Every structure is written in C-alpha cells, then in structure tokens.
Amino acid sequence: DTFAANGFHFDTNDDAPPTQRLRVTKVPFSKSVTFGDNDIHELASLLAEDSPGVTNSASAFARASSAKGKGGSGTDSQGQEKTFVRLPKISAMFASRACRSAVMIGTGLDTEAMYRIVRKLQTIEQPWNCPHGRPTMRHLADISEMVRDAIATSG
C-alpha cells in the first residue's frame, strides 16, 4: 500500500458517518521533520496524477494500494521490480541526510575507502550528482587526451 510505504497507517470504521470512517493511526516522523494531514492530501494528489481515470483525491486514496508512480522503487514478494509514489518531503529528507553523512571535499581517504566509494557509485543509476545537484566527483584527467598524447609520442 502506497500510504503504508510512506509511513501512514489508518483504521476504518464502516459503521461511522461517511466523513468519519477513516482515522489516521500512524504518521511518519524523523527528528525535526513532521508529517500530517497536508502530507496525506499531497500523497493522494500525487496518486491521482499517476492513476488514469482518477479525478479526485478521495478516489486516489481509495485506490492507493494499486497505484504505481514515481518516487521510489523496490521489489515485491515475487522479486519483481516495482515503483511507488514517494512524498517529495520524504525524498528531500533522505537527500539531506545522504549529503550530510557523505564524504566532504578535502576529507583524506585511504585507498580502500576510495575503492569502496567507486564500487558504490557503480551501482547508482546517475552517480554524477547528489540529490541536491552537487557534483559527486571531480574529473582529474581526460583519458582521451592521454590516449591522443600517447599515440602522438609513439608514432
């Protein structure tokens, strides 16, 4: 369920009046980042945008468990790749944490640490920038120039 994947949990009471059938029982939280009703509405809107034929947030809310969209990925119980809608607020929080715990410019690294970072970068779809757009690497040499120089000096 998309809402559960984003940390929201609900109880339903079919016997309650229509506007009181759903009750929020859990919301995601993390340090100074708080979530609430506005985030639930935003997630429902994101689901509505990604679900053909859905015209309002209530319909998106009802169809949340079957909606697929952008924002995250993983595998289901059969090992199949799946995508899900992720709140931008959650993505921004993860991006901020990733940058704060990253190796900073000027930090000295031993050879093994350098290899470990390069191996991890090889597993990322777009390793050139962090989620905020800052470069994750610095080009120290242009290999094509080195090859051209080597050919010119050998010939």
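Residues numbered from 1 in each chain as written. Predicted model: local features only at pLDDT ≥ 70, side-chain atom pairs only at ≥ 80, totals over all residues. Heavy atoms only, no water.

In this structure, Phe3, Phe8, Phe35, Ile40, Leu43, Ala44, Leu46, Leu47, Val85, Leu87, Ile90 and Met93 together form the largest nonpolar core, which totals 12 residues. At the level of secondary structure, the elements contributing two or more residues to this core comprise helix 2 (37-50) and helix 4 (88-100). It is helix 2 that provides the largest number of residues to this core, a total of 5 residues. (Core = buried A, V, L, I, M, F, W, Y, C linked by side-chain atoms within 4.5 Å. Buried < 20%, exposed > 50% of the residue type's maximum accessible area, 1.4 Å probe, protein only. Helix = DSSP H or I, 4+ residues; strand = E, 2+ residues; numbered from the N terminus.)

Below, the discussion takes up helix 4. Counted at 1.5 Å a residue, the expected span for helix 4 with its 13 residues is 18 Å, and the 18 Å between its end C-alpha atoms agrees. All buried positions along helix 4 are accounted for by Ile90, Met93, Ala95, Ser96 and Cys99. As for helix 4, its buried residues are in contact with strand 3 (29-30) and strand 4 (33-34). (Expected span 1.5 Å × (residues − 1). Contact = heavy atoms within 4.5 Å.)

Attention shifts here to the layout of surface pockets. What the largest pocket holds in volume is close to 1,400 Å³. Val103, Ile117, Pro135, Thr136 and Met137 are, among the 29 residues lining the largest pocket, the residues nearest its centre. Of all the secondary structure elements, the ones that give two or more residues to the lining of the largest pocket are helix 4 and helix 5 (111-121). Element by element, the count of residues in the lining of the largest pocket is highest for helix 5, at 5 residues. Tallied by class, residues from the lining of the largest pocket come to 19 nonpolar, 6 polar and 4 charged. (1 Å grid on protein atoms, 1.4 Å probe; cavity = no way out; pocket = protein on both sides within 12 Å on 5 of 7 lines; lining within 4 Å. Points joined across faces, edges and corners; volume = space filled by probe spheres on them. Nonpolar A, V, L, I, M, F, W, Y, C, P; charged D, E, K, R; others polar.)

Function-wise, these values are silent; they only describe arrangement.
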